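# Breakdown of the fold
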Amino acid sequence: MAELSTRIQNVAPSATLEVDLKAKALKASGVDIIGFGAGEPDFPTPENIVQAAVEAARDPKNHRYTATPGLPELRAAIAQKTLRDSGYEVTPDQVVVSNGGKQAVYMSFQVLLNPGDEVIVPTPCWVSYPETIKLAGGVPVEVFAGAEQNFEPSIEQIEAARTSRTKAIIVNSPNNPTGALWSAETLEAIARWAIAHDVWVISDEIYEHMTYDGRTTAHIGALVPEVRDRLLVLNGVAKTYAMTGWRVGWMVAPPAVAKAAGKLQGHLTSNVSNVPQRAALAAVSGDLSAVADMRAAFDRRRHAIVEALNALPGVTCAMPSGAFYAFADFTALLGRPLGAHGTVCETTVELAALILDEVHVAAVPGEGFSAPGYIRFSYALADADLAEGMRRLSAWLAD
């Protein structure tokens, strides 16, 4: 048999989806798994959004192909939502609706990068950034910022990573996997640096409404208006409205970039399914009351899981300011006997696998986020499950 392409062989599988897949397989076989892996709110999609989809499914006009960049009404609503939430105006022709936020990430690099172009990726980072860069022929250049600097990169670190091949930089605040909320000062410095050095900025704002302690997300396009002609903002309904399975995301970009992304999508997937688009229209056109309720629950769980993780011997975990992840340092548990058989783990990949096998708790090792030694725990799960998962871990480490 002929070999697969070098392109796909050089791409690592999604660490989060691999953990989730294994956990679901164990659960299907009858094992009682507590899943801290996938970043998926445990709440149902709000009823008014579901009802909009039900009505859309009955309307024959939604049974046909529609405009590749998205329903005109949805693109207009996303433009209005951007003004409401981000604080600056965009036009509907700057919006491209995609099959989930992940497709918007993929298309961004496909339309911006030529082979060998470099993208600065502050780490820890979401698992798909480096791989989608590679799929576009680009080179991810990682800049690590650890817990000692609140997982927030400095402009000095970013500048040190710049070369003549630097084409773009990724911004992700609130951040996956750390939950860090970058300061307005850092975002403004990145914007001005990008302008000075002719670099594209790709700002993933999918967790913009998941913030705590009275803090709010700073939007780079509002902080520095001059950056907007080189800014791509990626977002979607998945996290804000508990709509991960509906698969509706979007890109807001300069018109030429949006047009190019629409051209790519025309050959890739054509239009996004119309029924989820109608549901997304109801979501972004409505108020944020459902989000407020979810955020209150996440805030409660945030405190519970950070307290529980810091109570584990050898484990430390900073308090996240956004998203719904706790990113805990398990380095002190490596290289020592653990569990029923005194297994010695040299990496957090091995440790997370051991915890899944022996404790029946699923979490994602930091290697998938370019941060070995850490493990990510999503606290977007029921309070009782969270407490039980932490109890199991505590009992296991106490044995």
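All values reported here derive from a predicted model rather than from experimental measurement. (Residues numbered from 1 in each chain as written. Predicted model: local features only at pLDDT ≥ 70, side-chain atom pairs only at ≥ 80, totals over all residues. Heavy atoms only, no water.)

As a further point, take the packing of helix H3 (residues 47-58) against helix H11 (residues 274-285). Contact geometry for H3 and H11: axes closest at 8 Å, N-to-C directions at 145°. With respect to the hand of their crossing, H3 and H11 are arranged in right-handed fashion. Between H3 and H11, the residues in contact are Asn48, Ile49, Ala52, Ala53, Ala56 and Ala57 and Val275, Arg278, Ala279, Ala282 and Ala283, respectively. Looking at the contact of H3 with H11 residue by residue, the classes come out as 9 nonpolar, 1 polar and 1 charged. (Axes fitted to C-alpha atoms, helices over the stretch in contact; angles between N-to-C directions. Helix = DSSP H or I, 4+ residues; strand = E, 2+ residues; numbered from the N terminus. Left-handed = near helix turned anticlockwise from the far one by under 90°. Contact = heavy atoms within 4.5 Å. Nonpolar A, V, L, I, M, F, W, Y, C, P; charged D, E, K, R; others polar.)

Turning next to the sheet that holds strand S4 (residues 139-144). Across the sheet, which stays open at both edges, the 7 strands sit in the order S2-S8-S7-S6-S5-S3-S4 with mixed pairing between neighbours. The open sheet has two edge strands, strand S2 (95-98) and S4, and neither has a second partner. Here the strands of the sheet are splayed against their neighbours by 20° on average, with no regard to which way each runs. Alignment of strand S6 (residues 200-204) against strand S7 (residues 231-236), held across 4 bridges, turns out to be parallel. Note that in S7 the partner of Ser203 across the bridge is Val233. Contacting S2, strand S3 (118-123), strand S5 (166-172), S6, S7 and strand S8 (249-252), helix H5 (residues 101-112) crosses the sheet at an angle of about 160° to S7. Of the strands in this sheet, S3, S5 and S6 touch helix H8 (residues 184-196), which is tilted by about 165° from S5. (Pairing = 2+ DSSP bridges.)

All right, on to helix H4 (residues 72-86) then. With 15 residues, H4 ought to run about 21 Å at 1.5 Å a step, and its terminal C-alpha atoms sit 21 Å apart, in line with that. All of the buried residues along H4 are Leu74, Arg75, Ala77, Ile78, Ala79, Lys81, Thr82, Asp85 and Ser86. Where H4 is buried, its residues touch S2, helix H9 (220-223), S7, S8 and H11. Note on H4: the residue one or two positions beyond its end, Gly87, has a positive phi of about 90°. (Expected span 1.5 Å × (residues − 1). Buried < 20%, exposed > 50% of the residue type's maximum accessible area, 1.4 Å probe, protein only.)

Bringing the UniProt feature "domain: Aminotransferase class I/classII large" (unreviewed entry) in the protein chain into the picture now. According to UniProt, the feature "domain: Aminotransferase class I/classII large" (unreviewed entry) maps to residues 32-393 in the numbering used here. Segment residues 32-393 splits into 39% helix and 17% strand. End C-alpha atoms: 14 Å apart. (UniProt positions renumbered as here; feature names shortened; annotations may be inferred.)

Turning our attention to the sheet that holds strand S15 (residues 374-378). Strand order across the open sheet formed by 4 strands is S9-S10-S15-S14, with antiparallel pairing between neighbours. Each of the sheet's edge strands pairs with one partner strand only, and the pair in question is strand S9 (316-317) and strand S14 (364-365). Where S9 and strand S10 (residues 325-329) come together, 2 bridges link them in antiparallel fashion. Its bridge partner being in S10, Thr316 is matched across the sheet by Asp329. Those strands touched by helix H13 (residues 348-359) are S14 and S15, and its axis lies near 45° from that of S15.

As a further point, take the state of the cysteines. In total, this model carries 0 disulfides according to the counting rule given. Of all cysteine sulfurs in the structure, the one in Cys317 sits closest to Cys125, which takes part in no disulfide; the separation is 18 Å. For Cys317, a relative accessible area of 8% translates into the label buried. (Disulfide = S-S within 2.5 Å.)

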